[in-house]
Amino acid sequence: MQIDEKTIQQIIEETLDKFSQDTYPRADTGEIRYGNALDEPGCFDDVDEAIMSAKEAQRKLAKMTVQERGRIIRAMRDAAMEHVKYLAELAHDETGFGRVEDKIIKNKLAIEKTPGIEDLSTEAYTGDDGLTLVERAPYGVIGSITPSTNPSSTIINNSIGMVAAGNAVVFNPHPGAKKVSIETIRILNQAIYGVSGIRNLLTTSKNPTIETSRRIMEHEDIRLLVVTGGESVVKVAMKSGKKVIAAGPGNPPCIVDNTANINKAASDIVKGASFDNNILCIAEKEVFVFRDVAKELISLMESNGCYRASLSEIDKLTDIVLVKNKEGKYAPNKKYVGKNASHILSKCGIHTTADYKLILAEVPYEHPFVSTEMLMPVLPIVVVDTLDEAIEKAIEAENGCKHTAIMHSENVNNLTKAALALDTTIFVKNAPSYAGLGIEGEGYTTLTIATPTGEGLTSAKNFTRSRRCTLSGSFRII
Ligand code: NAD
C-alpha cells in the first residue's frame, strides 16, 4: 500500500493530538477522567484571545455534519447532568441567591428541555420554476452576556441552542457568578472536546467585567449579541450597532379573580413566587386579588408556608429591602436579593426557626413593592374591586416590560380579556409562573426570554441566519 505525504502528515497530527490529551480530575469528586488537559478550557486572560479562539473553533465545527453536531449536544447534556447538583451548589455558594434544590431543577430543565438540532428546519418551495431551499446557517461567533441570577442554567441553555445552530460562543458571565460560570463552560467544553476534538467552542475571559462585556459588544468578529440581564445592559447592547437578541427585566403581575379555585391559586402562587427565592425573571412579583376572595387567598397562602407581615413590619421591611438609586428610583437592596424569607425577617427583628417560603405584604397599589422588580421572597398583595381595575394596575406595574403575567380564574372571558390587554411574552393561566418555562407545563424551555427584541422564548433557530438557494427550472418530480 502506498501512502502519500498528505496522509502521513494527517496521521502525525492525529497522533500528536492524542498525546496532547491527558487525564483530567473532575472538580466535584476528584475522579480521574480522560479528556482535555487544560486547566480551564475556554478560559482566557484576554477577552480578544477568547474571541479569536472561539472563531477558530467555529471554523472546525462548520466542517462537521449536523448529525455530528447532534452528538456534541448529547455529550453536553450528559456532562451537565452528571454535574447538575455540583453546579447548583456552586452557584448558591458564590452568589448567595436562591435555593440549591430549585437550582437543580433549573439546571435539569435547561439540560432536558432546551431544543437541539431538531429545532432547525429547512423550508422548501417548489413550482414550475424549480426549487428553492431556505436553510438555517450559523452566525459564527456569538457574544452571550449572562446574568448572576441563573448563571449555570443560562450558560447550559445558551450553549446547547447556540452550538446546535453551528456557532461558537464567547460568554461574558456576571462578575458575581464568574466561578460557577467558568466551571459550567469548562464542563461543557470538556464534553465537546471528548466527542469532537474541538477545543474552545465556548470561551470566556478569566475576569469578566462590564469592560469585557463592552469589548465583546464592539468586537468585529462577534456577529450576534445575546444579552440576558437588567435594563442597563440591554440599553448598552442595543446601541452596539449589531444584531441583538435582548432578554430584559420583568415585574410579572398575577391576577386572581373571584371565579378562581382559590385553594389552587394560593398553592400555585406560593410555588411560583418562592421558587429559587423569586430570582427568576418570570416569577410572580405582585398579586392583584378581588376583594371578596382576598382574605381567603391570603389565609390559604399562610397555610402554604408564608409569613404575613403586619403594617408596622411592612414599614420596617420597606426600609430594609429597598434603596433609592442615583435617579431617585426604588431598587432592591442587593444584600437581600435572592435570600431566604427567614433571613430577611431576622433583619427586621422577627426571629423564627420556621423556614418560611415567602413574606406576604398587603399594601396599597402605590407602595414601591408593587412597581419594583425586587427579586426576593417578599410578595406584595393589592386588593382590587373589578377586572378592569386589576388589568389596568397590572399593566402599569409590569412597567412596559412585556415579559410575563399570570392569572387564576375559571372564567374564560376574563382570562382572554387580561391576556389580550397585558400583551406579555408569557401568559400563564391557573398554574405557577414557572409552568411558562416548561416546569409542570408543556413546551420547550429557555433561560433567555427575549422581551424587548421580540424573539420570545429563544431556541437554536433564533441563533441562525436564514439563507436561500434557488435552482431554476429543474429538480421537480411532477
Ligand atoms: P445585570 O444586568 O446586572 O448583569 C447581566 C450581565 O450584563 C452581566 O454579565 C454584566 O456584567 C453585564 N452588564 C451589566 N451592566 C452592563 C453595562 N452597563 N454594560 C455592559 N455590560 C453590562 O443582571 P443580573 O442582576 O445578573 O440579572 C438580573 C436581571 O436580569 C433582572 O432584571 C432579571 O429580570 C433579568 N433577567 C432576564 C431574563 C430574561 O430571560 N428576560 C433572564 C434572567 C434575568
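In what follows, the structure referred to is the one given above.
Cut-offs applied
Residues numbered from 1 in each chain as written. Predicted model: local features only at pLDDT ≥ 70, side-chain atom pairs only at ≥ 80, totals over all residues. Heavy atoms only, no water. Salt bridge = Lys/Arg side-chain N within 4 Å of Asp/Glu carboxyl O. Helix = DSSP H or I, 4+ residues; strand = E, 2+ residues; numbered from the N terminus. Buried < 20%, exposed > 50% of the residue type's maximum accessible area, 1.4 Å probe, protein only. Pairing = 2+ DSSP bridges. Contact = heavy atoms within 4.5 Å. Axes fitted to C-alpha atoms, helices over the stretch in contact; angles between N-to-C directions. Parallel < 35°, antiparallel > 145°, perpendicular 65-115°, else oblique. Left-handed = near helix turned anticlockwise from the far one by under 90°. Expected span 1.5 Å × (residues − 1). Phe/Tyr/Trp six-rings, centres within 6.5 Å; stacked < 30°, edge-to-face > 60°.

**Student:** Explain the pattern of salt bridges to me, and be specific about the residues and the numbers.
**Tutor:** Under the counting rule described, the total for this entry stands at 18 salt bridges. Taking the shortest distance from any N to any O, the salt bridge between Lys55 and Asp221 comes out at 3.1 Å. Highlighted residues: Lys55 in helix H2 (residues 47-62) and Asp221 in the loop between helix H8 (210-218) and strand S9 (222-228), separated in sequence by 166 residues. Owing to a relative accessible area of 30%, Lys55 belongs among the partly exposed residues under this scheme. In the salt-bridge network here, residues are joined through shared partners; they are Asp48, Arg215 and Glu218.

**Student:** Outline the sheet that holds strand S10 (residues 244-247), listing residues and values.
**Tutor:** Across the sheet, 6 strands lie side by side as S3-S8-S7-S6-S9-S10; this open sheet has parallel pairing. At either margin of the open sheet sits one strand with a lone partner, and together these are strand S3 (43-44) and S10. For S9 and S10, the ladder comprises 4 bridges, and the chain directions are parallel. In the strand pairing of S10, Thr228 is matched with Ala247. Docked against the sheet, helix H6 (residues 151-164) engages strand S6 (141-145), strand S7 (168-172), strand S8 (202-205) and S9, running at close to 155 degrees with respect to S7. On the sheet, helix H7 (residues 178-196) packs against S3, S7 and S8 and is oriented at approximately 150 degrees with respect to S8.

**Student:** Tell me about the packing of helix H4 (residues 84-95) against helix H5 (residues 100-113), and please be specific about residues and values.
**Tutor:** Where H4 meets H5, the axes come as close as 8 Å, and the angle between the chain directions of the two elements is 125 degrees. When the axes of H4 and H5 are compared, the pair comes out oblique. Both H4 and H5 take part in a crossing whose hand is right-handed. Contact residues: H4 offers Val84, Lys85, Leu87, Ala88, Glu89, Ala91 and His92, while H5 offers Val100, Lys103, Ile104, Asn107, Lys108 and Ile111.

**Student:** Report on the environment of Gly338, specifying residues and quantitative values.
**Tutor:** Summarising the element assignment, Gly338 is placed in the loop between strand S15 (330-332) and helix H13 (341-347). Discounting residues that sit within four places of it in the chain, Gly338 has contacts with Gly96, Phe97, Gly98, Asn277, Ile279, Leu375 and Met376.

**Student:** Explain H5 to me, using residue names and the numbers behind them.
**Tutor:** Taking 1.5 Å of rise per residue, the 14 residues of H5 would be expected to cover 20 Å, and the 20 Å separating its terminal C-alpha atoms lies within 8% of that figure. By the burial criterion, the buried members of H5 are Asp102, Lys103, Ile104, Lys106, Asn107, Leu109, Ala110 and Ile111. Elements in contact with the buried residues of H5: helix H3 (66-82), H4, H6 and helix H10 (262-274).

**Student:** Lay out the sheet that holds strand S4 (residues 123-127) in plain terms, naming residues and giving numbers.
**Tutor:** Strand order across the open sheet formed by 3 strands is S4-S5-S22, with antiparallel pairing between neighbours. Only two strands of the sheet have a single neighbouring strand rather than two, namely S4 and strand S22 (464-472). Taken pair by pair, the neighbouring strands of this sheet meet at an average axis angle of 15 degrees, ignoring direction. As defined by bridge partners, S4 adjoins strand S5 (residues 130-138) across 5 bridges and the pair is classed as antiparallel. Note on S5: the bridge partner recorded for Gly127 is Gly130.

**Student:** Give a description of the packing of aromatic side chains that names residues and reports values.
**Tutor:** Aromatic ring pairs: the centre-centre distance and the angle between the two ring planes describe each pair. Applying the stated criterion across every chain, the model contains 3 aromatic pairs. On the basis of an interplanar angle of 45 degrees and a centroid distance of 6.2 Å, the ring pair of Phe288 and Tyr365 is categorised as tilted. Linking Phe288 in strand S12 (residues 286-290) with Tyr365 in the loop between strand S16 (358-362) and helix H14 (368-371), this pair joins segments that are 77 residues apart in sequence. Residue Phe288 is classed as buried on the basis of its relative accessible area, which comes to 0%. Between Tyr307 and Tyr356 the ring centres are 5.3 Å apart and the planes differ by 70 degrees, which places this aromatic pair in the edge-to-face class. In this pair, Tyr307 sits in strand S13 (residues 306-308) while Tyr356 sits in the loop between H13 and S16, placing the two residues 49 residues apart along the sequence. On the accessibility criterion, Tyr307 (15% relative accessible area) is buried. Taking the relative accessible area as the measure of exposure, Tyr356 reaches 22% and is therefore partly exposed.

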